[in-house]
Structure formats: C-alpha cells, structure tokens
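Chain by chain, the residues:
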Amino acid sequence: MRLEFDSDQLFQLMKDFHILTGIRIVLFDDEYQELLSYPGSDCTFCHLMKSSPSGLKKCQESDAYSFQQCNADQHLIIYHCHAGLIEATAPLIDNHIVIGYLMFGQISDANSEEELKETLSDIPVTDESDIFSEIPLKTDEQIHAAAKIMEACTFYVIQNETILMRRQNFTNNLRTFLLEHLSENLDAENIASYLGISRSKLYMTCSRYLGMGIAEYVRDLRLEEAKNLLKTTDLSITEVAQRVGFEDYNYFSRVFKKETGYSARKYRDLFR
C-alpha cells in the first residue's frame with residue numbers, strides 16, 4: 001500500500017540528515033517502491049550499476065533482501081550490498097505494522113580510495129573517472145552513528161505523522177471489493193491478493209483500522225446489505241441470504257436475529 005507523507009517536511013528532514021552525515025537517504029513503501037530521496041539521484045557508480053538489466057536486478061534483489069530482513073525482525077540492519085558498499089535499512093513501524101523503510105547507502109567502510117577500488121574491482125564499469133571519489137568513506141563508528149540517527153528519524157516521522165499509511169484508501173478499497181463480491185467465497189487469501197498485501201498484513205491492518213478481524217468485517221457487511229435488501233426489495237429471505245453470501249439459510253437466520261434482535265421476516269415488517 002502506498003504511503004501518505006508530508007513531502008516538504010520529510011524532504012527537509014532528509015536534507016538535514018545528508019548535511020549532517022554526507023549520506024544519501026531514501027524512503028521506500030512496503031512494496032519496495034522508492035518514493036523520495038535526498039540527494040535525488042544515485043552516485044555515478046550506482047547509476048552505472050543500475051544502467052544494465054543484470055546490475056539493476058542485483059540492486060533490486062539486494063534491497064528486497066534488506067526489506068525482508070527488516071520486516072521479519074522489525075529493527076535496523078546494517079550490511080554490505082551485492083556490490084560491496086555499505087547500506088542500512090530501518091523499518092517504519094506504525095502500530096506494529098511495517099508500512100515502509102528508510103534506507104541509506106552508497107558509502108564504503110574502506111580506509112582509502114585505493115582500497116575502495118580494490119573492493120569494487122570485480123564490478124564492471126565503463127568509466128572510472130571520479131566515480132570512486134564520489135563514494136563517501138566512513139569509519140565503522142560513523143556508520144553506526146548515522147544508522148542510529150536514521151532509526152531515530154523513523155520514530156519521529158511516525159510519531160509526528162509525517163508518514164502514515166493511507167487509511168482512507170485502504171478502507172475504501174476493501175469495502176468496495178467486498179461489496180462487489182459479497183455473494184462469493186471471500187477468504188482472506190483472495191482479499192489480500194486483491195489488495196496486494198500478505199494475509200498477515202491484512203489481519204493486522206483490519207485490526208488497526210477497523211477494530212475487528214476481516215471475517216467479522218465481512219460478516220457485518222453481509223448483514224448490512226441483507227438489511228438493505230429486506231427493506232428495499234421483494235426478494236425472498238432465502239434469496240437475500242444467498243445474495244449476500246450466506247449459503248446456509250438457517251445459519252443466516254440465527255446470525256441475523258442474534259445481531260439485530262429480530263428475525264429477518266420481522267425486520268422486514270418493522271423497517272420496510
């Protein structure tokens with residue numbers, strides 16, 4: 001799901017991070033899409049790496065691995081990317097849900113530019129002029145200090161609501177999909193697939209935004225639509241039950257009476 005963020009405020013924060021550390025920082029959503037960065041472009045070395053399909057694939061795989069680790073552990077990680085440069089990724093966690101990531105990289109822990117060239121000697125580049133001098137060299141202490149500052153930024157932007165998940169977008173998309181498919185078998189796998197998220201994220205997001213599980217929400221929508229059909233149509237009660245996804249008429253009758261206090265027939269008589 002795409003993130004909603006205050007681009008001006010976040011851009012200034014990322015710029016301040018770069019001014020302080022000299023390191024490029026990037027915002028990704030939970031689908032690994034880059035949303036904002038400072039500076040806005042890669043260093044020349046990384047640009048050359050990504051200019052070939054094979055190099056781009058390796059960069060994407062390296063990023064995806066770090067995101068998966070962050071999502072699993074829900075804490076900051078520091079690592080070497082496939083090219084040998086240093087990167088750090090910190091998860092953006094909102095109410096126990098990872099909604100995106102802040103990442104910095106394109107730096108090295110080499111002691112000198114000559115050592116850096118040796119480290120990256122196996123990486124094919126078409127032009128060596130100044131591409132290595134653009135890569136900041138940082139000590140281990142500096143790298144860990146920058147990583148901690150970035151991690152602090154993740155807490156700040158969530159607490160300050162500079163970054164948040166698009167709640168309205170999620171709930172609207174979910175409701176629209178469910179109402180269009182009420183008569184079908186709505187299991188969590190199908191719903192999560194439609195929304196483009198995992199089942200576990202579906203469960204967590206429903207709990208956070210709806211205050212209930214997905215099964216309970218589907219049942220409530222079915223009952224809501226059943227009440228509407230009872231009031232506005234001449235469909236039989238059996239047809240109403242089937243129209244909203246209750247295949248078992250007796251089960252529908254029990255659930256409807258339990259939730260409304262009336263039988264379906266009595267409800268129609270009273271509220272039509």
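Source: prediction; values computed, not measured.

Student: What is the right way to look at the nonpolar core in this model?
Tutor: In this structure, Leu27, Leu92, Phe104, Met150 and Ile163 are the most contacted members of the largest nonpolar core, which totals 28 residues. Mapped onto this core, the elements with two or more residues apiece are α1 (7-21), β2 (24-29), β3 (34-38), β5 (86-94), β6 (97-107) and α5 (140-159). The greatest single-element share of this core, amounting to 7 residues, is contributed by α5. In this structure methionine 150 touches Phe17, Ile25, Leu76, Ala88, Thr89, Ala90, Leu102, Met103 and Phe104, once residues within four positions along its chain are discounted.

Student: Can you walk me through helix α7 (residues 188-195) in this structure?
Tutor: Among all positions in α7, only Ala188, Ile191, Ala192 and Leu195 are buried. End-on view of α7: buried residues confined to an arc of 95°, all on one side of the axis. The first or second residue beyond α7 is glycine 196, which carries a positive phi of 75°.

Student: Any chance you could explain the side chain of threonine 171 here in plain terms?
Tutor: Inspection of the secondary structure assignment puts threonine 171 in helix α6 (residues 167-180). The exposure class assigned to threonine 171 is buried, which follows from its relative accessible area of 14%.

Student: It is not clear to me how a nonpolar patch on the surface should be interpreted in this structure. Could you clarify?
Tutor: A cluster of nonpolar side chains, contributed by Tyr262, Leu270 and Phe271, occupies part of the molecular surface with about 270 Å² of accessible area. Note that phenylalanine 271 resides in helix α12 (residues 264-271). Relative accessible area serves as the criterion here: at 42%, phenylalanine 271 is assigned to the partly exposed category.

Student: Honestly, the environment of isoleucine 97 in this entry has me stumped. Any pointers?
Tutor: The topology assignment puts isoleucine 97 in strand β6. For isoleucine 97, a relative accessible area of 1% translates into the label buried. Separated by 40 residues in the primary sequence, isoleucine 97 and lysine 57 have C-alpha atoms spaced 27 Å apart.

Reading the values: rules and limits
Residues numbered from 1 in each chain as written. Predicted model: local features only at pLDDT ≥ 70, side-chain atom pairs only at ≥ 80, totals over all residues. Heavy atoms only, no water. Core = buried A, V, L, I, M, F, W, Y, C linked by side-chain atoms within 4.5 Å. Buried < 20%, exposed > 50% of the residue type's maximum accessible area, 1.4 Å probe, protein only. Helix = DSSP H or I, 4+ residues; strand = E, 2+ residues; numbered from the N terminus. Contact = heavy atoms within 4.5 Å. Arc of directions from axis to C-beta. Patch = residues over 30% accessible without salt bridge, like charges linked within 9 Å, V, L, I, M, F, W, Y side chains within 5 Å. Areas by Shrake-Rupley, 256 points an atom, 1.4 Å probe, with all protein chains shown as cover. Salt bridge = Lys/Arg side-chain N within 4 Å of Asp/Glu carboxyl O.

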